[in-house]
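# Report on the structure
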Amino acid sequence: MNLLVAHLMIKNVVTIEAGQNVLKAAELMGEKRVSSLPVVSKGKLIGIVTEKDMVIRVVARGLNGKKLFVEEIMSYPVAITSPETQLEEATKLMLSKGVRKLPVVEDGHVIGILSLTDVAKAYPVWGVCIMADLNQGQFIASTDEEVYTKDPVDNITNSNALM
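In this report, the structure presented in the accompanying data block is examined.

Calculation rules
- For every chain, the first residue of the written sequence is number 1, and numbering continues from 1 onward in sequence order.
- Totals for whole chains, interfaces and linings use every residue, but because this is a predicted model, local features are given only for residues with pLDDT of at least 70 and side-chain atom pairs only at 80 or more, for both listing and counting.
- Water and hydrogen atoms play no part in the side-chain values, which are based on all heavy atoms of the structure.
- Should a side-chain nitrogen of Lys or Arg be within 4 Å of a carboxyl oxygen of Asp or Glu, the pair is scored as a salt bridge.
- A simple rule labels every residue: compare its accessible area, found with a 1.4 Å probe on the protein chains alone, to the largest value its type can have, and call it buried under 20%, exposed over 50%, or partly exposed in between.
- Segments assigned H or I by DSSP are reported as helices when at least four residues long, segments assigned E as strands when at least two residues long, and all are numbered from the N terminus.

### Some thoughts on the pattern of salt bridges
The final tally for this structure, using the stated rule, is four salt bridges. Between K32 and E31 there is a salt bridge, with its nearest N and O atoms 3.8 Å apart. Taking the relative accessible area as the measure of exposure, K32 reaches 42% and is therefore partly exposed. Judged by relative accessible area, which is 57%, E31 ranks as exposed. For D53, the salt bridge is made with R57, and the minimal N-O distance between the two is 3.1 Å. Within this pair, D53 and its partner R57 are both found in helix α3 (residues 51-57), separated by four residues, close to a single helical turn. Here the salt bridges do not stand alone but share partners, grouping E88, E89 and K92 into one network.

This is how it looks when you write it as structure tokens:
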């Protein structure tokens, strides 16, 4: 099975300019119902801002989100992938870096985003393995079609055998 990031990535990603204030980022995240925003400058990816960044770097410190710029609280450097990357490799990268979102980039421009949640929803067995190994930075699932069936009960049984 040849699963690529392009098959599962979310297109039409909402981004935010580095010079926007944190309040604007929070409003945009709420409006679009997303938990992170790739941060761009002149159209090129330079970081990512997450709900966790906002809580730890702004709210917990009692700072004013209107007076802080996204670039001041964003996470960087950001792990990225390409649409042609094998899905299993991209998932391994997310786990090894401890991130749940992976911007998909071509020529420095964000063209999509891959999330562990989307991987888990699309491939339930992977989801079981991802959740089991999320904190250990390991990916133990295989895309071997003989191991995984379309029957959820069989998939859970097979994934338990892998653990």
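Right, picking up where we left off after that structure.
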